[in-house]
Amino acid sequence: MTNSPWSHQRSASVADDVDFEIKGQELQFLEIELDPGESAVAEAGSFVWKDASVQMTTVFGDGSGDAGGGFMGKLLGAGKRLVTGESLFTTVFTHTGSGKARVAFASPTPGSILPLNLGQLGGSLICQKDSFLAAARGVSIGVHFQKRVMTGLFGGEGFIMQRLDGDGWVFVQMGGTLVERELKAGEELHVDTGCLAAYTPGVDFDLVTAGGVRSVLFGGEGLFFARLRGPGKVWIQSLPFSRLAGRMLQAAQGGGGNRGEGSILGQIGNLIDGN
């Protein structure tokens, strides 16, 4: 596989450590290279192409292979996926031949595919709903509940987020361009609630008011910012899909674009423009 800023070659001492490469810029796709017997798990509907020796199997739940408790364990795992906005089923791609084989997946929205090694992040990652794209076999997809009521109501992600656990590679899809910030203990970062893509469990996620009454009414940034306090890592996305969809809907309805469109001034601008 050719080198790229987002590529990885497996270590022979680590089990199920898949090779991969992420290609493209704004409309990316992920290419995973499998050794015989290796598997990758992907979200339903993300498949692009595969070599003939890669066998595809649809499974109930997240396909992690660690759903204890038989059928009830699998049912619980599938239920967790359902409440985070994912399908009840995932697809497992296993290389059953010899030599190397490849399989490719693509994000359904414009943006970036972020590769993360959970083993290097303490084994867990908390991210926005619908962000999971693919992973090496063994990664578990679960639920993270926001314990603070205000954060659940106004945090931009609701009360339920995705939690990814394991020690292998996972690939998540984010909107626009991604920025990674590592926060020291006690260090704070304020982020637009929709632009928070993912963070490690050690980061404290809370809300802080956007400012005074004037800023809230006319600033176009909403009532709250996401306040992230270290220690830990945070990933920020420049263009959440919800924001992109809102702009597209506005354009389709003939609304055009106005300055201050997220505030009360946006409605006044519509009247002036005849919208």
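Here, the structure is the one placed above.
Asker: Is there a simple way to explain the overall build of the protein in this structure?
Answerer: In terms of helices and strands, the protein carries five helices and 20 strands. Within the protein, contacts between residues at least 6 apart in sequence are counted, and of these 74% link residues at least 24 apart. For the protein, the exposed area adds up to about 13700 Å²; of that, 57% sits on carbon and sulfur atoms.

Asker: Before we go on, may I ask you to explain the pattern of salt bridges in this structure?
Answerer: Side chains carrying opposite charge are able to pair once their charged atoms draw close together. Taken as a whole and assessed by the stated rule, the structure comprises 11 salt bridges. The partner of lysine 23 in a salt bridge is glutamate 31, and the shortest N-O contact between them spans 3.4 Å.

Asker: When you look at the sheet that holds strand β11 (residues 132–136) in this model, what are you seeing that I'm missing?
Answerer: Strands in a sheet are paired, the pairing made by backbone hydrogen bonds, and the direction either parallel or antiparallel. Taking strand neighbours across the sheet as the criterion, the six strands line up as β6-β7-β4-β11-β14-β9 in an open arrangement whose pairing is antiparallel. A strand with exactly one partner marks an edge of an open sheet, and here the two such strands are β6 (54–60) and β9 (111–117). Across the sheet, the axes of successive neighbouring strands diverge by a mean angle of 20 degrees, strand direction being ignored. Pairing of strand β4 (residues 39–43) with strand β7 (residues 89–95), which is carried by five bridges, proceeds in the antiparallel orientation. What sits directly across from alanine 42, in β7, is threonine 91.

Asker: Looking at this structure, how should I read the sheet that holds strand β10 (residues 124–127)?
Answerer: Ordered by their spatial adjacency, six strands build an open sheet running β12-β13-β10-β17-β20-β15, and the pairing between neighbours is antiparallel. Every other strand in the sheet has two partners, leaving β12 (140–145) and β15 (178–183) as the edge strands with one partner each. Averaged over all neighbouring strand pairs, the angle between strand axes comes to 25 degrees, with direction disregarded. By the bridge criterion, four bridges tie β10 to strand β13 (residues 160–165) in an arrangement that is antiparallel. Among the inter-strand pairings, isoleucine 126 is bridged to a residue of β13, identified as arginine 163.

Asker: Just to check I follow, could you spell out unusual backbone geometry for this structure?
Answerer: With glycine set apart, most residues show a phi of negative sign, and most peptide bonds adopt trans. Note that the residue after glycine 230, namely proline 231, is joined by a cis bond; omega there is 20 degrees. Positionally, proline 231 belongs in the loop between β19 (224–229) and β20 (232–237). At aspartate 130, a position not held by glycine, the phi torsion is positive, near 70 degrees. Take aspartate 130: it is sitting in the loop between β10 and β11. For aspartate 130, a relative accessible area of 41% gives the class partly exposed.

Asker: Looking at this model, I keep getting lost on the packing of aromatic side chains. Mind explaining?
Answerer: Evaluated as defined, the whole model comprises five aromatic pairs. Between phenylalanine 47 and phenylalanine 93, the ring centres sit 5.5 Å apart and the planes meet at 15 degrees, which makes this aromatic pair stacked. One end of the pair, phenylalanine 47, is in strand β5 (residues 47–50); the other, phenylalanine 93, is in strand β7, with 46 residues separating them in the sequence. Under the relative-accessibility criterion, phenylalanine 47 is labelled partly exposed at 37%. A residue is classified by how much of its surface remains accessible, and phenylalanine 93, at 1% relative accessible area, is buried. By way of ring pairs, the aromatic residues Phe20, Trp169 and Phe171 are connected into one cluster.

Asker: Could you clarify how one ought to interpret the pairing of strand β8 (residues 101–106) in this entry?
Answerer: Regular strands place side chains that alternate from one sheet face to the opposite one. Bridge count between strand β3 (residues 29–34) and β8: six bridges; the pairing is antiparallel. Pairing of phenylalanine 29 across the sheet is with alanine 106, part of β8.

Asker: Can you walk me through the pairing of β4 in this structure?
Answerer: Counting buried residues in β4 gives five out of five residues, a clear majority hidden from the surface. Residues of β4 alternate between two faces, with Ser39, Val41 and Glu43 on one and Ala40 and Ala42 on the opposite face, all of them buried. In this structure, β4 lies alongside β11, joined through three bridges in antiparallel fashion. Opposite alanine 42, over in β11, you have alanine 134 as the bridge partner.

Asker: Help me understand the environment of proline 36, please; the structure alone is not making it clear to me.
Answerer: Structurally, proline 36 can be placed in the loop between β3 and β4. Accessibility expressed as a relative area gives 47% for proline 36, which makes it partly exposed. A sequence separation of 63 residues divides proline 36 from glycine 99, and the C-alpha atoms of the two residues are 6.6 Å apart. Here proline 36 is in contact with His95, Gly97, Ser98 and Gly99, once residues within four sequence places are set aside.

Conventions used here
- Residues numbered from 1 in each chain as written.
- Predicted model: local features only at pLDDT ≥ 70, side-chain atom pairs only at ≥ 80, totals over all residues.
- Heavy atoms only, no water.
- Helix = DSSP H or I, 4+ residues; strand = E, 2+ residues; numbered from the N terminus.
- Contact = heavy atoms within 4.5 Å.
- Areas by Shrake-Rupley, 256 points an atom, 1.4 Å probe, with all protein chains shown as cover.
- Salt bridge = Lys/Arg side-chain N within 4 Å of Asp/Glu carboxyl O.
- Pairing = 2+ DSSP bridges.
- Axes fitted to C-alpha atoms, helices over the stretch in contact; angles between N-to-C directions.
- Buried < 20%, exposed > 50% of the residue type's maximum accessible area, 1.4 Å probe, protein only.
- Phe/Tyr/Trp six-rings, centres within 6.5 Å; stacked < 30°, edge-to-face > 60°.

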